[in-house]
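Examining the three-dimensional arrangement
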Amino acid sequence: MRQVKVVKQPPYAVGSVDKALRVIMLLQERDSVRLADVAELLGTSPSTAHRILSTLVYRGFAEQDASHRYRLGPRLLGARREADHLDDLLQRHLTTLREETGATVSAMALEGRAVRILRTVVATRGDHISERTGTTLPAVEASSGKALLAQLARADLHALLTGHHAARQGESMTPARLEALEAELARVRDEGVAYNLRRTEVDLVAVGCAVPTRTRAPWLGLAVSLPVTEADGVRDPRLHAALWDTALRLARDLDAEAPLDSA
């Protein structure tokens, strides 16, 4: 069964910050908006909506055109262009990997104790895994999540999984579970790949690896998913070779485009 992480609104949410973020989300969804659109979305007066928009314009998150409509500002436009370019890059490399393996393939980013699926390219054959872009999975269960965790320093891994924040969220890992995970991550470092054997979905197995970028700490992973009826396939050296070849090509592309001072 697919596990999707649901984020609830915190009871301590700052109202003005939440309103500003909702306006940014509206600007991302539409080409432009009117002041009245924002006031309606927030359920506030036009004067309150105007103050929020003016602040966003001042900080570069929004801009106003000659017709007095608002659209994304230069700060967010740059981020969106980068996101669109990354998506195109992932789509190209994942499509090649799908063609080489015949399987469903995904790219995932490490976000704290979870991995988010940034892009999925589904298998062309009949018995394939469905589109999963946007799904969030526990990093300790997902194949690429474990591959990325294996790249962390031991102190950083412990802080992530047993630190104060994890304890506050009720997600702190027990010493026994942490010890078992560290043993598994040591194997991942030795072999270069990690497995997900029905840990996130009962009818799915997967093998994953980290994308070894030089200009940035490991943050992106790739995974090849197969139906559980083909579970033996995730240990096929030919599949591992195709996975790693794609990861290396993707890493070279990402490194080539990274700023010189990002290392």
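Located above this text is the structure these notes cover.
A brief look at the structure comes next. Per-chain numbering applies: the sequence of each chain, read as written, is numbered from 1 onward. Under the rules for a predicted model, residues below a pLDDT of 70 receive no local features and side-chain atom pairs below 80 are neither given nor counted, while totals for whole chains, interfaces and linings still include all residues. Only heavy atoms go into the side-chain values, all of them from the structure, while hydrogens and water stay out.

**Focus: the packing of aromatic side chains**
- Aromatic pairing here means that ring centres of Phe, Tyr or Trp (its six-membered ring) are within 6.5 Å. Orientation follows from the plane angle: under 30 degrees is stacked, over 60 is edge-to-face, and everything else is tilted. One pass over the structure, following the stated rule, counts zero aromatic pairs.
- We call a charge positioned above a ring when the Lys NZ or Arg CZ atom is no farther than 6 Å from the ring centre and deviates by at most 35 degrees from the ring normal. Taking the ring centre of tryptophan 219 as reference, the NZ or CZ of arginine 216 above it sits at 4.1 Å.
- The cationic tip of arginine 235 hangs over the ring face of tyrosine 195; the distance from NZ or CZ to the ring centre is 4.2 Å.

**Here we look at the side chain of arginine 119**
- Here a helix means four or more residues in a row that DSSP labels H or I, a strand means two or more in a row labelled E, and each is numbered from the N terminus. In this structure, arginine 119 sits in strand β4 (residues 114-121).
- In terms of polar contacts, arginine 119 uses its side chain to reach the side chain of aspartate 87, at 2.9 Å.
- By definition, residues are in contact when any of their heavy atoms lie within 4.5 Å. The residues contacting arginine 119, other than those within four sequence positions of it, are Asp87, Leu90, Gln91, Leu94, Val105, Ser106, Ala107 and Thr133. Within 3.5 Å is the distance limit for a polar contact, defined as a pair of N or O atoms, with the added protein rule that one can donate a hydrogen and the other accept it, and that residues adjacent in sequence qualify only through two side-chain atoms.

**Some details on the nonpolar core**
- Among buried residues, those of type Ala, Val, Leu, Ile, Met, Phe, Trp, Tyr and Cys that are joined through side-chain atoms within 4.5 Å constitute a nonpolar core. Note on classification: 1.4 Å probe, protein chains only; a residue is buried when its accessible area is under 20% of the maximum for its type, exposed when over 50%, partly exposed between these limits. Val207, Val211, Leu220, Leu222, Val224, Leu243 and Leu250 are the most contacted members of the largest nonpolar core, which totals 28 residues.
- Those elements giving two or more residues to this core turn out to be α4 (74-101), β3 (104-111), β7 (204-210), β8 (220-227) and α9 (237-257).
- In terms of residue count, the dominant contributor to this core is α9 (seven residues).
- Discounting chain neighbours no more than four positions away, the residues touching leucine 220 are Leu90, Ala107, Met108, Ala109, Leu118, Leu148, Ala210, Val211, Leu250 and Leu254.
- By size, the runner-up hydrophobic cluster in this structure holds 22 residues, among which are Met108, Val140, Ala142 and Ala150.

**Focus: the packing of helix α6 (residues 154-162) against helix α8 (residues 175-191)**
- The interhelical angle for the contact between α6 and α8, taken along N-to-C directions, is 140°, at an axis separation of 12 Å. Judged by the angle between their axes, α6 and α8 are oblique. For the pair α6 and α8, the crossing hand works out as right-handed. In contact with Arg154, Leu157, His158, Leu161 and Thr162 of α6, α8 contributes Leu178, Leu181, Glu182 and Leu185. Every axis corresponds to a line fitted to the C-alpha atoms, with the helix fit spanning only the stretch in contact, and the corresponding angles, defined between N-to-C directions, vary from 0 to 180 degrees. Roughly parallel means an angle under 35 degrees; roughly antiparallel, over 145; roughly perpendicular, 65 to 115; everything else is oblique. Each crossing gets its handedness from the near helix: less than a right angle anticlockwise from the far helix is left-handed, clockwise is right-handed.

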